[in-house]
Amino acid sequence: MDLEDDTTILTTLKSFNTFISRPERPQLPSERSTGSGILQSQFKRNMELLEAAERVHSQNRFLQLDQEKKQMELSHKRARIELEKAAFDSARDFEHELDRNQELLARVKKLEGREIEVNKNLSDQVEENQVLRRNLETANKKLEERDSKLNTANTTIISLKDELRELRQKIQNQDLLFSTQNLEKQELQEQLDLQRRKYHEISQLCHTLQAAQSSCSDHMIKIKELERRLILHEQDMSIVKTVKSEVAKVSDLEKEMKRLREENYFLRESRENCSLLKEEAEGLRKKLERMEKTKEELVGVELEKQRLAEKLQAWENLGQSTGLNIRKPEDLSREVIQIQQREIALKEQNYTLNSRVRSVERLQSELRAELTQQSIKTMEEQKKRETQDSLVRRLQKRVLLLTKERDGMRSILESYDSELASTEYSPQLNKRLKEVEEVLQRTQSHNTEMEAQLTKAEQDVGALRLKLQTVELELDSLKKQQASSAESSSSVSKEEDYTLRKKIEDLEAERQRLEEQNNILEMRLERNNMQGDYDPVKTRVLHFKMNPTSVAKQQQQQEVETLREEVTTLRELVRSLQEGGAMLHAQDSSGIYTPNISLSLPPSKEVQDLRKQMESSELRNQRLKEVFQKKIQEFRTVCYVLTGYQIDITTENQYRLTSVYAEHMDDSLLFKKGSSGSMQLMETEFSKTLGEMVDLHLHHQKSIPAFLSAVTLDLFSRQTTI
Amino acid sequence: MTSTLKGITLKGSAELVAEFFSFGINSILYQRGIYPPETFSRVTHYDMSLQVTTEPKLNNYLTNVVSQLKEWLFECSVQKLVLVITCLETNEVLERWQFDIECDKSAKESSAPREKSIKTIQDEIRSVIRQITATVTFLPLLETQCSFDLLVYTDKDLVVPEKWEESGPQIIDQSEEVRLRSFTTSIHKVSSMVAYKRTDSA
């Protein structure tokens, strides 16, 4: 630390020394440069001043630095003292630290020894631990094996229990089945007994039925025979009646026959008259027809007559109407002839007139041509005259001019002649004269030329005028021709115009119609286009396969199918329920149910009860019936045996009694119960044979039992003897 | 996209028209109640708020159809797009939204962009969609459960793609037609109209 401070101080001193040495150096170059002038001297002075200032400044700084150095030395010393103290303290601390370090080292060694021991112990223990773990693992494995064995044993136990349960259930089912079957067997046996009894009764009934049927059939045959005989009797009766009636009619017939014969004779006579009359009638009819025809003709003829009369009247009136002296057709013919003659004469006149007209027209045209020519000629003459007049005038003018010239020339000559004395001017005068003469000649020639041109022009104009007039004449003639022919040709052109106009109108009408059709078709096309129609030749309609509509339809179909399946399953359930109800009724006592019907148990119980009740009641009824039948049968047999009569009810209130000792099967007595309650004997074959007994017992004694007993006795006696 | 370019190219026009169809079909489905309104969400496009479906199956179907339609618009081989609404119980067609497309085929050859600003096209599209929304007031109510289908009328010589098949035009018998606005991108002209089954009471 002190070194560092020293170094700083030394560096500052060094810097200061360098700084001091610096200003000494620049002085030398300033001293060397002396001989330059005033500026240099001034410069030198300035520099010297600057140097002095710098020196002063440096001295100040030096003093400052000395002070600082001293302060710094003081501080340096203080710092050194402090540092020594600090060093001392630190040395002490260092020694303490060393002692501590040694102690710590000793501890460390001890600890290390311990550590080694502990490690050894650790290793031993780890080994023991491992051994124990192995033991544990083996024990665990054994435990697991035992557990597994136990589990398997448990499962086997459970399975065995289940089997046990199932077997028990099966046994129970079997017991149930057995019991139900026993019941069924009993029922069936009972039914069998019933059926056997029924069979016996039915067999008996059958026998009786057969007997009855045979008797019935015999009776039926007899009845038929009797009916046939009856019919024959009736027919015979009817025949007899008719024969009787016919016999009664015979007398009437004979009378009629007589009358008819007379009529016949009469009619034959009148036949001839008839034929005659017929011929007359035919003749009259034909006459009638002819008359009718003549009538019609008459009518027509009268009409014609009227018409002809009218015509005649008209013809006769003609004479009055026309004013001629006509009373007969001869007059009319005469008149007609006269008229015709007149006509002929007129036609001749007409023809002559026409020919004259044509000739006149020809003359006229010729005259016109001559006229034109003449007019042309006159025009030419006029022109000639005019030209000649103009010539004359010109000539007159020329004459005048010439006379004037002459006069002038004369005057000049005279003047010249008077002035002949002066000859100075003669050459000049001559010259002038010549010049004037030349000028005059020139003017004359010019004049003549102009006159010639004028005449030419006048001639041309005259010719043109002639031409114009001829053309005008021709035009007039042509116009006249056109006017005559235009009338004939205008009709033709008019017809053509008419046809052409008609065509135009038709075409226009068609055009309008076609335009309307076009508009209508365009409207239709537009409408179809709006509705979505398209031309299959040019366009095609596409859509995405998996589009929402098809997807929705598929979903709907699937829903429908699932619903249908549900419906079918539900129907099956219902059916099974109904069947299950019937099954339940049979198995009700055991109380076992199948899971399908478990839901519907409660309602079917009532049904079962009701069914049970119904069946029991039916059984009871049947049994009662059997019992009654038995009793009735017994009673009847007893009656038969004791009284000797078998009483059968054939129809309502009719009782048929058959005796034990009856000789034939159909020997029976019929008794009818009347409205008052008394029994009456009906007639049978057998009863006819017992007429005496009937009289005695029924009519006299009015006792049916006596009658019956008498009958039995009688039959018995017959039986025993026979 | 076309918004940065000055003119309209064939590709840009196809994209614009396909985009219009996508939004138009969505708004028709929302307005007519084919799908429940809670399955739609609001978005902003063409400077107006529109309803777009969020159901994934329907979205998938619509994107498939619209992408195929874009290709066909670029080839100028599609003539009409029809949205058909059928009643599920009776299988009757109740409504038909028909969009006729006229393509200027000279744009295929020239390939020079045409002068029409995007803004005017979008204004026209906006007015068409507004009119579609307004037509709901006079269309008869769809009381039964309905589903929809998209039909495309294309040229006969077009190759039918894999997932598409031919179908009938599914025309309504006894229909009333109403013509709506049209818009044009100067390459494609789309005119719209709606046909509905005449109700006997009216």
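Scoring rules and cut-offs
Residues numbered from 1 in each chain as written. Chains lettered and ligands numbered in written order. Predicted model: local features only at pLDDT ≥ 70, side-chain atom pairs only at ≥ 80, totals over all residues. Heavy atoms only, no water. UniProt positions renumbered as here; feature names shortened; annotations may be inferred. Contact = heavy atoms within 4.5 Å. Buried area = accessible area lost by both parts, 1.4 Å probe. Salt bridge = Lys/Arg side-chain N within 4 Å of Asp/Glu carboxyl O. Polar contact = N/O pair within 3.5 Å; in protein donor to acceptor, adjacent residues only side chain to side chain. Helix = DSSP H or I, 4+ residues; strand = E, 2+ residues; numbered from the N terminus. Nonpolar A, V, L, I, M, F, W, Y, C, P; charged D, E, K, R; others polar. Patch = residues over 30% accessible without salt bridge, like charges linked within 9 Å, V, L, I, M, F, W, Y side chains within 5 Å. Areas by Shrake-Rupley, 256 points an atom, 1.4 Å probe, with all protein chains shown as cover. Lys, Arg positive; Asp, Glu negative; His and termini not counted. Charge placed at Lys NZ, Arg CZ, Asp CG, Glu CD. Disulfide = S-S within 2.5 Å. pLDDT = per-residue confidence, 0-100. Core = buried A, V, L, I, M, F, W, Y, C linked by side-chain atoms within 4.5 Å. Buried < 20%, exposed > 50% of the residue type's maximum accessible area, 1.4 Å probe, protein only. Phe/Tyr/Trp six-rings, centres within 6.5 Å; stacked < 30°, edge-to-face > 60°. Lys NZ or Arg CZ within 6 Å of the ring centre and 35° of its normal.

As recorded by an unreviewed UniProt entry, chain B carries the name Mitotic spindle assembly checkpoint protein MAD2A and is attributed to Oryzias javanicus. In the Subcellular location (unreviewed entry) part of its UniProt record, chain B is described as follows: "Nucleus". Checking UniProt for chain B, the heading Sequence similarities (unreviewed entry) contains the comment "Belongs to the MAD2 family."

Per an unreviewed UniProt entry, chain A carries the name Mitotic spindle assembly checkpoint protein MAD1 and comes from Oryzias javanicus. What UniProt states about chain A under its Sequence similarities (unreviewed entry) heading is, verbatim, "Belongs to the MAD1 family."

Now for the interface of chain B and chain A. Listed by partner, the interface residues are 39 residues for chain B and 25 residues for chain A. For the pairing of chain B and chain A, the buried interface totals around 3,100 Å² over both sides, and the portion due to carbon and sulfur atoms is 53%. Between B:Glu177 and A:Arg527 there is a salt bridge, with its nearest N and O atoms 3.9 Å apart. Between chain B and chain A we count 18 residue pairs in polar contact (both at pLDDT 80 or more) in total. At the level of secondary structure, the elements contributing two or more residues to the side of chain B that touches chain A comprise helix H2 (56–75), strand E3 (78–87), strand E4 (93–103), strand E5 (146–155), strand E6 (164–166) and strand E7 (175–184) of chain B. Looking at the side of chain B that touches chain A, the element that brings in the most residues is E5(B), giving 9 residues. A class-by-class count of the residues in the side of chain B that touches chain A yields 16 nonpolar, 10 polar and 13 charged.

Our next topic: a negative patch on the surface. All names here are of chain A. A surface patch of like charges, here negative, comprises Glu-184, Glu-187, Glu-615 and Glu-618. Among the secondary structure elements, those contributing two or more residues to the negative patch are helix H2 (38–322) and helix H6 (601–643). Note that Glu-615 resides in helix H6.

Should the sulfur atoms of two cysteines be covalently bonded, the bond is a disulfide. Residues and elements named next belong to chain B. Going through the model one piece at a time under the given rule, you end up with 1 disulfide over all chains. One disulfide bridge connects Cys-76 with Cys-103, the sulfur atoms lying 2.1 Å from each other. Within this pair, whereas Cys-76 is found in the loop between H2 and E3, its partner Cys-103 is found in strand E4, the two being separated by 27 residues in sequence. Looking at Cys-146, it has no disulfide partner, and the nearest cysteine sulfur is the one in Cys-87, 5.4 Å off.

This next bit is on the confidence of the model for chain B. Close reading of the predicted structure is inappropriate where its pLDDT is low. Residue and element names in this part refer to chain B. Here chain B averages 88 in pLDDT, and 96% of its residues register 70 or above. Ranking the elements of chain B by mean pLDDT puts helix H3 (residues 106–110) last, at 73, and strand E1 (residues 40–45) first, at 93. Here the predicted complex scores 0.36 on pTM and 0.85 on ipTM.

So, on to the nonpolar core. Counting residues in each nonpolar core, the largest one holds 60 residues, and the members touching the most others are B:Phe20, B:Phe21, B:Trp97, B:Phe99 and B:Phe148. Looking at this core element by element, the count peaks at 11 residues for helix H1 (residues 10–32) of chain B. Once residues within four sequence positions are removed from consideration, B:Phe20 is found in contact with B:Tyr46, B:Phe99, B:Ile125, B:Val128, B:Ile129, B:Phe183 and B:Val190. By size, the runner-up hydrophobic cluster in this structure holds 14 residues, among which are A:Tyr645, A:Leu657, A:Leu690 and A:Phe707.

A separate point is the side chain of B:Asn26. Residue and element names in this part refer to chain B. In this fold, Asn-26 is placed in helix H1. On the basis of relative accessible area, Asn-26 is assigned to the buried category, the value being 3%. Within the structure, the side chain of Asn-26 is placed 3.0 Å from the backbone oxygen of Ser-22, a separation counted as a polar contact. Separated by 3.1 Å, the side chain of Asn-26 and the backbone nitrogen of Thr-53 make a polar contact. Once residues within four sequence positions are removed from consideration, Asn-26 is found in contact with Phe-40, Gln-51, Val-52, Thr-53 and Leu-62.

Between side chains of opposite charge, a pair can form when the charged atoms approach closely. What the rule picks out here adds up to 30 salt bridges over all chains. Here A:Arg718 and A:Asp714 are joined by a salt bridge, their closest N and O atoms 3.0 Å apart. On the criterion of helical spacing, the pair formed by A:Arg718 and A:Asp714 is a turn pair, its members being 4 residues apart in helix H9 (residues 704–721). Owing to a relative accessible area of 30%, A:Arg718 belongs among the partly exposed residues under this scheme. Put simply, B:Glu176 and B:Arg198 hold a salt bridge, and the shortest N to O gap is 3.1 Å. In this pair, B:Glu176 sits in strand E7 while B:Arg198 sits in the segment after strand E8 (188–197), placing the two residues 22 residues apart along the sequence.

With that settled, the discussion passes to the side chain of A:Ser668. Following the sequence through the fold, A:Ser668 ends up in strand E4 (residues 668–673). Ignoring sequence-local partners within four residues, the contact set of A:Ser668 consists of A:Arg656, A:Leu657, A:Thr658, A:Thr684 and A:Phe686.

Moving on, we come to unusual backbone geometry. Residues and elements named next belong to chain B. One non-glycine residue, Tyr-46, adopts positive backbone phi at about 55°. Along the chain, Tyr-46 falls in the loop between E1 and strand E2 (48–53). The phi dihedral of Cys-76 falls on the positive side, at around 60°, and the residue is not glycine.

So, on to the environment of A:Thr689. Within the secondary structure layout, A:Thr689 lies in helix H7 (residues 685–689). A distance of 2.3 Å separates the side chain of A:Thr689 from the backbone oxygen of A:Phe686, its partner in a polar contact.

This part takes up the packing of aromatic side chains. In the structure shown here, the tally under the stated rule is 14 aromatic pairs over all chains. Arranged with centres 4.8 Å apart and planes meeting at 70°, the rings of B:Phe20 and B:Phe183 form a pair that is edge-to-face. Residue B:Phe20 is located in helix H1, and its partner B:Phe183 is located in strand E7; the two are separated by 163 residues in the primary sequence. Ring geometry for B:Tyr30 versus B:Phe40: centroids 5.2 Å apart, planes at 65°, classification edge-to-face. Taken together, the residues B:Tyr30 in helix H1 and B:Phe40 in strand E1 connect sequence positions 10 residues apart. Here the aromatic cluster, defined as three or more aromatic residues joined through ring pairs, consists of A:Phe544, B:Tyr35, B:Tyr61, B:Trp72, B:Phe148 and B:Trp164. Here the basic side chain of B:Lys80 rests over the ring of B:Tyr153, its NZ or CZ set 5.8 Å away from the ring centre.

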